[in-house]
4 protein chains.
Amino acid sequence: MTHATDMIEAYPKDINNDRELLARCIEACVDCAQACTACADACLSEDMVQGLTKCIRSNLDCADICAVTGRVLSRHTGYDANITRASLQACSQVCKSCGDICEQHASKHDHCRICAEVCRGCEKACQEVLSSL
Amino acid sequence: MTHATDMIEAYPKDINNDRELLARCIEACVDCAQACTACADACLSEDMVQGLTKCIRSNLDCADICAVTGRVLSRHTGYDANITRASLQACSQVCKSCGDICEQHASKHDHCRICAEVCRGCEKACQEVLSSL
Amino acid sequence: MTHATDMIEAYPKDINNDRELLARCIEACVDCAQACTACADACLSEDMVQGLTKCIRSNLDCADICAVTGRVLSRHTGYDANITRASLQACSQVCKSCGDICEQHASKHDHCRICAEVCRGCEKACQEVLSSL
Amino acid sequence: MTHATDMIEAYPKDINNDRELLARCIEACVDCAQACTACADACLSEDMVQGLTKCIRSNLDCADICAVTGRVLSRHTGYDANITRASLQACSQVCKSCGDICEQHASKHDHCRICAEVCRGCEKACQEVLSSL
């Protein structure tokens, strides 16, 4: 469905990371960014939005940081492990925070349940790339 | 693989668009944003980067506009058809421009060939949602 | 305060636009993106957030589209008037929509009053560049 | 010129950070994101672009991470110090890396000289907020 793996395989020079781990993490970041954007909006449309403002804020932060981490990981030219590591650490942290908050609303709101799962998956994918650096 | 459809199905209120078309277009935008980011970087690593600067610029514009269009389409609360339409028109335009330029390099660079296809697909997905508004 | 003008003056080739109009519009886009991000968050912290969900959504759309328009305008290499025009039209539209909604809450919320003014200024700056293309 | 301070003053609840430091850091992030976007494009237009690909990549990473850090700092509702800290650390790191690379080209390219200064300023602003957390 996505072309992250195809684009990594088409990269014309060496890549300083495991290509499979990298592709999986890029896909996880991009998917998590979309899910968090949608979850923030779904929370906004709930009748009890007042109780979901902390969740919306963490969704927005998570969407932004995941999207950017997916972009940083998509660039291999002029590779700098310090930038990759710092991005992955921020992404892992925000996925943990957002996953924790969404999980608290998982039984009431399907969008929070799905989003929590996606955040957990993205956190794990970031940790795997971090371990491989 | 992605959760765009799941998140649309979990949206708790009505959506003023065809949910299937919408999910497909969100996925196309998000995938195109990633492919264009990767293509810009792959172009940067080519020995003949001097001849690819126009391609890199259109990749960067396309990555940015596709990413934002995917976000706008992921929000349904407070729906405003004018914003959706203007975003889709900009996205369709940049996908056309970027697809045209990448296509010129398709026989030499696999990343441009793949990226051109992804841009064509995203342009088509945007046009389909535009027609349905 | 910002370096948009300095960076335009340091651009080593010709620019196919009025440099002063361009710098002003980049600054307006970047500032509007920040104001809208902050306004969405301030709305989230209001006790009457339920009545502000449409405003938050338009703030988020406006923040995203203004940010990307500022980026598109910051690139001159491989200039394509079609992309610039489509971006500016989307940005002008979303600034109008967001300015209209924020204005409705201007007497109650200072953040909406300021944000409406910033949106109006950004819409005008976009229109001025559009007229000059 | 920018409205970061006005928007912070209009925030209706308490903010868990020094408002002045915060406003300065938001402005620095937003300005650095724009300068790096412009520097990447100016590098692309140089005749010796082949020698600037590492600089362009770090410009693109820095633009993305600074922009997102400015957004994270613009949100106070549902404040989570862990997210703020991780974002600021990533931003500080990428500003250091990008500032170092741009500085190497400062004597040849004005855009790199200006961009290096802006990166240094943003790194410092991030460190100041980090120290105050």
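For the structure, check the block above.
This write-up is about the structure you can find in this document. (Residues numbered from 1 in each chain as written. Chains lettered and ligands numbered in written order. Predicted model: local features only at pLDDT ≥ 70, side-chain atom pairs only at ≥ 80, totals over all residues. Heavy atoms only, no water.)

Counting its secondary structure elements, chain A contains five helices and zero strands. Secondary structure of chain A in N-to-C order comes out as α-α-α-α-α. Taking 2.2 N^0.38 as the reference for a compact globule, 133 residues should give roughly 14 Å; the C-alpha atoms of chain A span a radius of gyration of 15 Å, in line with that estimate. Dimensions of chain A, computed from the C-alpha atoms along their principal axes, are close to 50 × 30 × 20 Å. By residue count, 67% of the 133 residues in chain A fall in the buried class. (Helix = DSSP H or I, 4+ residues; strand = E, 2+ residues; numbered from the N terminus. Rg over C-alpha atoms; globule rule 2.2 N^0.38 Å. Buried < 20%, exposed > 50% of the residue type's maximum accessible area, 1.4 Å probe, protein only.)

Relative to the helices and strands, R75 of chain A resides in the loop between α3 (53-73) and α4 (81-104). A relative accessible area of 4% means that R75 of chain A is categorised as buried. It is 16 Å that separates the C-alpha atoms of R75 of chain A and A28 of chain A, two residues lying 47 residues apart in sequence. Once residues lying within four places of it in the same chain are set aside, the contact partners of R75 of chain A are T37 and D41 of chain B together with R57, L60, D61 and D64 of chain D. (Contact = heavy atoms within 4.5 Å.)

Turning to the pattern of salt bridges, a few remarks are in order. In the structure shown here, the tally under the stated rule is 56 salt bridges over all chains. D64 of chain A is the salt-bridge partner of R71 of chain B, the closest N and O atoms lying 2.6 Å from each other. Taken together, the residues R71 of chain B in helix α3 (residues 53-73) and D64 of chain A in helix α3 connect one chain to another. For the pair R71 of chain B and D64 of chain A, one class covers both residues: buried. Residues D47 of chain C and K13 of chain D are paired through a salt bridge, measuring 3.3 Å at the closest nitrogen-oxygen approach. With one member in each of two chains, D47 of chain C in the loop between α2 (19-44) and α3 (53-73) and K13 of chain D in the loop between α1 (4-9) and α2 (19-44) form a pair that bridges those chains. Because the salt bridges share partners, they merge into one network encompassing R57, D61 and D64 of chain A, R71 and R75 of chain B, R57, D61 and D64 of chain C together with R71 and R75 of chain D. (Salt bridge = Lys/Arg side-chain N within 4 Å of Asp/Glu carboxyl O.)

This part is about the interface of chain B and chain A. Chain B puts 38 residues into the contact, and the matching count from chain A is 37 residues. Taken together, the two surfaces of chain B and chain A that pack against each other cover about 3,200 Å², and 61% of this comes from carbon and sulfur. Three residues stand out in chain B for area buried against chain A, namely M7, Q34 and D41 of chain B, and they jointly supply 20% of the buried area on that side. Put simply, chain B and chain A have four salt bridges between them. Our count for the chain B to chain A interface comes out at 14 residue pairs in polar contact (both at pLDDT 80 or more). Mapped by element, the contributors of at least two residues to the side of chain B that touches chain A are α1 (4-9), α2 (19-44), α3 and α5 (110-132) of chain B. (Buried area = accessible area lost by both parts, 1.4 Å probe. Polar contact = N/O pair within 3.5 Å; in protein donor to acceptor, adjacent residues only side chain to side chain.)

This part takes up the interface of chain D and chain A. Interface size is commonly expressed as the accessible surface area that is lost when the partners come together. Listed by partner, the interface residues are 24 residues for chain D and 24 residues for chain A. With both sides pooled, the region where chain D packs onto chain A buries about 2,300 Å², and carbon together with sulfur makes up 58% of that total. Along the contact surface separating chain D from chain A lie six salt bridges. For D61 of chain A, the salt bridge is made with R75 of chain D, and the minimal N-O distance between the two is 2.6 Å. Among the secondary structure elements, those contributing two or more residues to the side of chain D that touches chain A are α3 (53-73) and α4 (81-104) of chain D.

With that settled, consider the relation of the copies chain D and chain A. For the pair chain D and chain A, the relating rotation is 180 degrees, the translation along its axis is 0.0 Å, and the fit reaches an RMSD of 0.0 Å. What the superposition gives is, in effect, a two-fold axis relating one chain to the other. When C-alpha distances to the rotation axis are compared across chain D, the minimum falls at A90 of chain D, with a value of 3.4 Å. A high fraction, 100%, of the interface residues of chain D reappear at the interface in chain A, so the copies pair face to face through one surface. (Least-squares fit on C-alpha atoms with pLDDT ≥ 70 in both.)

So, on to the packing of helix α4 (residues 81-104) of chain B against α5 of chain B. Residue and element names in this part refer to chain B. Across the interface, α4 lies against α5 with an axial gap of 8 Å and an inter-helix angle of 155 degrees. Accordingly, the angle class assigned to the pair α4 and α5 is roughly antiparallel. Here α4 and α5 pass one another in a crossing that is left-handed. Note on element contacts: α5 touches α4 through C112, C115, A116, C119, R120, C122, E123, C126, Q127, V129 and L130, opposite R85, L88, Q89, C91, S92, C95, K96, C98, G99, D100, C102 and E103. Its residues assigned to classes, the contact of α4 with α5 comprises 13 nonpolar, four polar and six charged. (Axes fitted to C-alpha atoms, helices over the stretch in contact; angles between N-to-C directions. Parallel < 35°, antiparallel > 145°, perpendicular 65-115°, else oblique. Left-handed = near helix turned anticlockwise from the far one by under 90°. Nonpolar A, V, L, I, M, F, W, Y, C, P; charged D, E, K, R; others polar.)

Tracing the backbone shows N59 of chain D in helix α3. Those residues within four positions of N59 of chain D in sequence are excluded, and the remaining contacts are C36, C39, A40, C43, C98, C102 and C115 of chain D.

Attention shifts here to the relation of the copies chain B and chain A. Between the two chain copies there is a screw-like relation: a rotation about an axis and a shift along it. Structural alignment of chain B on chain A gives an RMSD of 0.0 Å, achieved by rotating through 180 degrees and translating 0.0 Å along the axis. Taken together, the interface assignments show that 97% of the residues at the interface of chain B recur at the interface of chain A, consistent with an identical surface on both copies.

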